[in-house]
Amino acid sequence: MLSDMAVSADICDQFNTLLHSRTGPHPLGKVDFSVLVLTAGSWPLQGQPCDYNFPVELETCVRVFNEFYMSKFSGRKLTWLHHLSKGVLCACSGMRRPYEFHLASHQMVILLQFNAAPRLAFGIMCRATGLPPAEAARNITALCEARLIIRTSGAGSFTESNEFTINDSYASRRLKIKVPAAADRGAVAADTGATYRRVDEDRKLFLQATIVRLMKTRKRMKHEALVSEVLGQAQGRFRPSISLIKKCIEALIDKE
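Here is a short report on the structure shown in this document. (Residues numbered from 1 in each chain as written. Predicted model: local features only at pLDDT ≥ 70, side-chain atom pairs only at ≥ 80, totals over all residues. Heavy atoms only, no water.)

Bringing the overall build of the chain into the picture now. Each helix and strand in the chain was counted, giving 8 helices and 6 strands. Each helix (α) and strand (β) of the chain, taken in turn from the N terminus, gives the series α-α-β-β-α-β-α-α-β-β-β-α-α-α. When the 256 residues of the chain are sorted by exposure, 32% land in the buried category. Excluding contacts between residues fewer than 6 apart, the proportion of contacts in the chain whose partners are at least 24 apart in sequence is 59%. With the model as given, the accessible surface of the chain reaches about 16800 Å², and the carbon-plus-sulfur share is 54%. (Helix = DSSP H or I, 4+ residues; strand = E, 2+ residues; numbered from the N terminus. Buried < 20%, exposed > 50% of the residue type's maximum accessible area, 1.4 Å probe, protein only. Contact = heavy atoms within 4.5 Å. Areas by Shrake-Rupley, 256 points an atom, 1.4 Å probe, with all protein chains shown as cover.)

The next thing to look at is the pattern of salt bridges. Going through the model one piece at a time under the given rule, you end up with 5 salt bridges. Between R119 and E163 there is a salt bridge; the shortest N-O distance is 3.9 Å. Here E163 lies in strand 5 (residues 163-166) and R119 lies in strand 3 (residues 119-121), a separation of 44 residues in the sequence. Classification of R119 as partly exposed rests on a relative accessible area of 45%. Judged by relative accessible area, E163 falls into the partly exposed class, the value being 30%. Across the pair E160 and R127 runs a salt bridge whose closest N-O atoms are separated by 3.4 Å. Of this pair, E160 sits in the loop between strand 4 (149-151) and strand 5 while R127 sits in helix 4 (residues 122-129), placing them 33 residues apart in sequence. Judged on exposure class, the residue E160 and its partner R127 are both exposed. (Salt bridge = Lys/Arg side-chain N within 4 Å of Asp/Glu carboxyl O.)

Turning our attention to helix 3 (residues 105-112). Along helix 3, 8 of the 8 residues are buried, which leaves the element largely enclosed by surrounding structure. Among the residues of helix 3, S105, H106, Q107, M108, V109, I110, L111 and L112 are the ones counted as buried.

Before going further, it helps to spend a moment on the nonpolar core. The biggest cluster of nonpolar side chains holds 30 residues, and the ones touching the most others in it are F101, L103, L111, L143 and L148. When contributions to this core are tallied by element, the ones reaching two or more residues are strand 2 (100-104), helix 3, helix 4 and helix 5 (133-145). Looking at which element gives the most residues to this core, the answer is helix 3, with 5 residues. Sequence-distant contacts of L143, defined by excluding residues within four places in its chain, comprise L103, Q107, I110, L111, L148, I149 and V179. In this structure, L214, A234, F238 and I249 belong to the second largest nonpolar core, which totals 15 residues. (Core = buried A, V, L, I, M, F, W, Y, C linked by side-chain atoms within 4.5 Å.)

Taken in spatial order, the 3 strands line up as 3-5-4 in an open sheet, and their pairing is antiparallel. The outermost strands of the open sheet, each flanked by one partner alone, are strand 3 and strand 4. Within this sheet the neighbouring strands show an average axis-to-axis angle of 30°, counted without direction. Relative to strand 5, strand 3 runs antiparallel, the two sharing 3 bridges. Bridge pairing links A121 to E163 in strand 5. In the packing of helix 4 onto the sheet, contacts are made with strand 3 and strand 5, and the angle to strand 3 comes to roughly 85°. (Pairing = 2+ DSSP bridges. Axes fitted to C-alpha atoms, helices over the stretch in contact; angles between N-to-C directions.)

Turning next to the packing of helix 7 (residues 223-234) against helix 8 (residues 242-255). The interhelical angle for the contact between helix 7 and helix 8, taken along N-to-C directions, is 115°, at an axis separation of 10 Å. By the angle between their directions, the pair helix 7 and helix 8 is classed as roughly perpendicular. As for how helix 7 packs across helix 8, the hand of that crossing is right-handed. On helix 8, the residues that touch H223, L226, V227, V230 and L231 of helix 7 are I242, I245, K246 and I249. In the contact of helix 7 with helix 8, the residues fall into 7 nonpolar, 1 polar and 1 charged. (Parallel < 35°, antiparallel > 145°, perpendicular 65-115°, else oblique. Left-handed = near helix turned anticlockwise from the far one by under 90°. Nonpolar A, V, L, I, M, F, W, Y, C, P; charged D, E, K, R; others polar.)

On their own, these measurements won't tell you what the molecule is for.
Here it is as structure tokens:
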């Protein structure tokens, strides 16, 4: 992984040197563009099948870098993981101060649509960006929570006619603002539930192992004494309920 990072930095240096050596206008315009080129088998990264329409500024950057990379490594293939990309947008007009917003790529694509119109409907943004409605809704919600855009019509779930506008009265003490990534609340809830289930299962296994160890040592114990002893040994890890200990004892009896 460390060698990957070093090679990637070297490739980017060569790319920037090539761009600066060209005469005429800069191929990337005013966009400050950088790439991490990583070996697919060395990193636990996976692409998400979420196609969307790149803004012209970024599309030019991707095309120019692709041409440069393929000219150096003809037998390789670049897979762009846009869902892991980040960008910085500078608000130069409309807002009171020149803020820098650090955004995920999907959030950035949505905000750039407001360069064309001050007010946009949800359906228009979905079609213009090419994002699926669910993905667009998640990112628009994150931008609304960050107070960068304002929902001017509709309430509850998003519909095609819901309209949004840039928050020209946005104010913050900081000039550089990092907008949190859009969270998939359904996936987060599912992961949280699965985590709780795993923890409960691990605790049951620990209690059963403690019960078996005590019975092998003592051979014979009263039920109340066994429950009390298990409760005492588990105190250092977690505080089990009496009912949970009794259920573990019953489960072991049923296994026999």
